[in-house]
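Letter by letter, the chains look like this.
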Amino acid sequence: MRNEEAIWAMVEAHAPDLIGLSDRVWGMPETLYDEYRSCAEHTAMLREKGFRVSEGVAGIPTAVMGEAGEGGPLIAILGEYDALPGLSQVAGVDYPQELEPGGNGHGCGHNLLGSAALLAATALKDWLAATGTPGRVRYYGCPAEEGGAAKTFMVRAGAFAGVDAAITWHPDCMTRVDDALSLANTRMDFTFSGRAAHAAASPHLGRSALDAVELTSVGVNYLREHVPQDARIHYAYLETGGTAPNVVQARAKVRYSIRALRLADMLAIVERVKDVARGAALMTGTTVEMKVFSAVSNMLGNGVMERVMQSALDELGGVAFDAIDRDYAARIQATLSEADLTQPYHRVGMVPRNDEPLCDYVVGLYPQGEVMIGSTDVADVSWAVPLVQVLAATHAIGTPAHSWQITAQGKAPAAHKGMAHAAKAMARCAEKLFKDHGLLRQAQAEHAERLAREPYICPIPDDVQPPLVPRASN
Ligand SMILES: [Zn+2]
């Protein structure tokens with residue numbers, strides 16, 4: 001038996017238990033720091049598999065950590081288990097049908113994400129013990145990736161201190177090494193306070209908070225021309241000060257999401273948007289309160305880690321889907337638009353195909369495709385330690401992120417296969433690092449060099465705490 005086959009057999013031995021965990025977490029979709037049941041499921045599995053468990057990581061009750069092994073380097077495997085609001089969906093069908101009206105759903109596949117990460121960590125625990133290799137593996141169960149930036153808070157609290165390298169993955173429609181492009185993102189609210197007045201009888205006594213929100217939008221719209229091209233600034237009105245036009249609006253609130261490809265650029269744009277809001281307050285005679293409630297950095301790639309992961313993927317090959325998997329994926333594809341179906345190919349610089357419901361191959365490293373990017377809190381861990389993220393095919397090509405189609409496919413046999421595949425890639429990548437400390441040192445040197453050029457500044461201000469949710473009493 002070749003070495004890589006040994007670690008893969010260890011993944012396969014635990015796969016049924018972890019697939020069970022994934023399906024259970026799919027069935028209890030919880031969001032934004034309210035992942036009590038999902039976290040309890042992960043905690044119980046860590047104990048069952050013999051990890052040393054730490055609960056309440058970084059003061060977050062729905063974050064958990066499990067460690068195994070002794071001495072040697074410490075490799076972290078990152079998992080998530082949070083769901084999305086409003087994406088409740090019956091599993092295994094090809095039409096939208098809520099499972100629970102208005103309920104949450106695993107529309108980003110984090111049920112698979114956390115379970116595969118724990119599966120990889122469990123196989124590595126067995127491998128370290130079986131081979132007597134000095135080294136430790138640590139599974140991080142991270143909540144609130146969707147809008148909660150839990151990992152950024154965990155980094156700020158020092159939860160990754162002592163970790164030599166980190167590995168994670170995300171469910172996808174293609175199997176490849178993630179090219180580490182994501183936007184730094186600050187989410188903040190501006191609340192303006194003015195003075196109410198009768199808009200006809202005494203408008204001169206009023207100071208309009210709604211005017212201030214509108215002037216902020218005007219100022220930001222002029223600002224757009226003078227920020228780096230990749231920056232994104234979007235906003236939503238949270239409070240408009242009421243529905244009566246004959247009352248000067250005394251209070252209004254707007255939420256901004258400010259993104260850029262570089263952390264330093266984003267932090268600079270945040271300061272400029274704050275100046276625009278101050279200017280709007282000055283113009284309108286109102287006051288403004290500005291509050292960041294969540295922020296993440298951009299991803300920092302690590303060439304050494306990416307090459308190690310690619311070699312693991314190349315050994316492993318693509319996911320072995322069968323005719324039943326392809327049939328269901330084709331039925332899902334029938335619900336998608338032409339743009340949905342071609343986008344994944346454009347993303348990796350391939351010619352779109354229409355005879356391929358599932359990806360059963362491995363895309364090469366750094367495909368030259370169109371850049372289409374969002375934001376993730378995995379990025380802040382990538383500033384703390386060398387990190388690589390792998391993507392594994394778990395759903396039909398073209399399935400949009402955060403959709404009912406992702407929830408529907410989240411318990412399908414194809415999803416289970418992709419999940420076990422991701423665990424094998426992560427476990428094999430970690431095995432290579434445990435066996436060759438030179439690679440780890442190279443990865444760390446590359447990381448240190450990046451940080452020397454561009455230091456990390458936590459994008460969440462010191463006085464902002466995660467919006468923790470108390471455990472429900474029932
Ligand atoms: Zn996600």
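Everything here concerns the structure above.
Residues numbered from 1 in each chain as written. Predicted model: local features only at pLDDT ≥ 70, side-chain atom pairs only at ≥ 80, totals over all residues. Heavy atoms only, no water.

Student: Honestly, the side chain of Glu 145 in this entry has me stumped. Any pointers?
Tutor: Looking at the element boundaries, Glu 145 is found in helix α4 (residues 145-148). One buried charged side chain, Glu 145, makes no salt bridge at all; its nearest oppositely charged neighbour is Lys 151, positioned 5.6 Å away. Those residues in contact with Glu 145, other than ones at most four positions away along the chain, are Glu 80, Asp 82, His 110, Lys 151, Ser 375, Thr 376 and Asp 377. (Helix = DSSP H or I, 4+ residues; strand = E, 2+ residues; numbered from the N terminus. Buried < 20%, exposed > 50% of the residue type's maximum accessible area, 1.4 Å probe, protein only. Lys, Arg positive; Asp, Glu negative; His and termini not counted. Salt bridge = Lys/Arg side-chain N within 4 Å of Asp/Glu carboxyl O. Contact = heavy atoms within 4.5 Å.)

Student: Honestly, the pattern of salt bridges in this entry has me stumped. Any pointers?
Tutor: It is possible for side chains of opposite charge to pair when their charged atoms get near one another. Here the structure, examined in full by the defined rule, presents 30 salt bridges. Between Arg 251 and Glu 239 there is a salt bridge; the shortest N-O distance is 2.8 Å. Pair noted here: Arg 251 is in strand β9 (residues 251-260) and Glu 239 is in strand β8 (residues 232-239), with a separation of twelve residues, a long-range link. Here Glu 271 ties to Lys 274 by a salt bridge, and the two come within 3.3 Å at their closest N and O atoms. With Glu 271 and Lys 274 both in helix α7 (residues 263-284) and three residues apart, the pair spans about one turn of that helix.

Student: Please clarify how the packing of helix α3 (residues 110-131) against helix α13 (residues 413-435) should be interpreted in this entry.
Tutor: Two packed helices can be described by the angle between their axes and the distance between those axes. With their axes 8 Å apart at the nearest point, α3 and α13 run at an angle of 40° to one another. Considered as vectors, α3 and α13 are oriented oblique to each other. Two packed elements cross with a definite hand, and for α3 against α13 that hand is right-handed. Here Leu 112, Ser 115, Ala 116, Ala 117, Leu 119, Ala 120, Leu 124, Trp 127 and Leu 128 of α3 come into contact with α13, specifically with Ala 415, Met 419, Ala 420, Ala 422, Ala 423, Met 426, Ala 427, Ala 430, Glu 431, Phe 434 and Lys 435. The residue makeup of the contact of α3 with α13, split by class, is 17 nonpolar, one polar and two charged. (Axes fitted to C-alpha atoms, helices over the stretch in contact; angles between N-to-C directions. Parallel < 35°, antiparallel > 145°, perpendicular 65-115°, else oblique. Left-handed = near helix turned anticlockwise from the far one by under 90°. Nonpolar A, V, L, I, M, F, W, Y, C, P; charged D, E, K, R; others polar.)

Student: Explanation requested: the coordination of the zinc ion in the structure shown.
Tutor: For a metal with four tetrahedral donors the ideal donor-metal-donor angle is 109.5 degrees, while six octahedral donors give ideal angles of 90 or 180 degrees. Distances from the zinc ion to its protein donors, Cys 108 (SG), His 110 (NE2) and His 170 (NE2), fall at 2.1 to 2.3 Å. Sequence spacing of the donor residues for the zinc ion, all on one chain, is C-x1-H-x59-H. Pair noted here: Cys 108 is in the loop between β3 (74-80) and α3 and His 170 is in strand β5 (residues 165-172), with a separation of 62 residues, a long-range link. (Donors = N, O, S within 2.8 Å, 3.2 Å for Na, K, Ca; no water.)

Student: I keep staring at the side chain of His 106 and nothing clicks. Help me out?
Tutor: Position of His 106 relative to the elements: it lies in the loop between β3 and α3. Engagement of the side chain of His 106 in a polar contact is seen with the backbone oxygen of Val 25, the distance being 3.3 Å. With residues up to four places along the chain from it excluded, the contact list for His 106 reads Val 25, Trp 26, Pro 29, Tyr 81, Asp 82, Ala 83, Asn 111, Ile 406 and Thr 407. (Polar contact = N/O pair within 3.5 Å; in protein donor to acceptor, adjacent residues only side chain to side chain.)

Student: How do you make sense of a nonpolar patch on the surface when you look at a structure like this?
Tutor: On the surface, Leu 215, Val 218, Tyr 222 and Met 283 cluster together into a nonpolar patch covering about 440 Å² of accessible area. For the nonpolar patch, the element with the most residues is helix α6 (residues 209-223), which contributes three residues. One can find Val 218 in helix α6. Looking at Val 218, the relative accessible area reads 42%, which means it is partly exposed. (Patch = residues over 30% accessible without salt bridge, like charges linked within 9 Å, V, L, I, M, F, W, Y side chains within 5 Å. Areas by Shrake-Rupley, 256 points an atom, 1.4 Å probe, with all protein chains shown as cover.)

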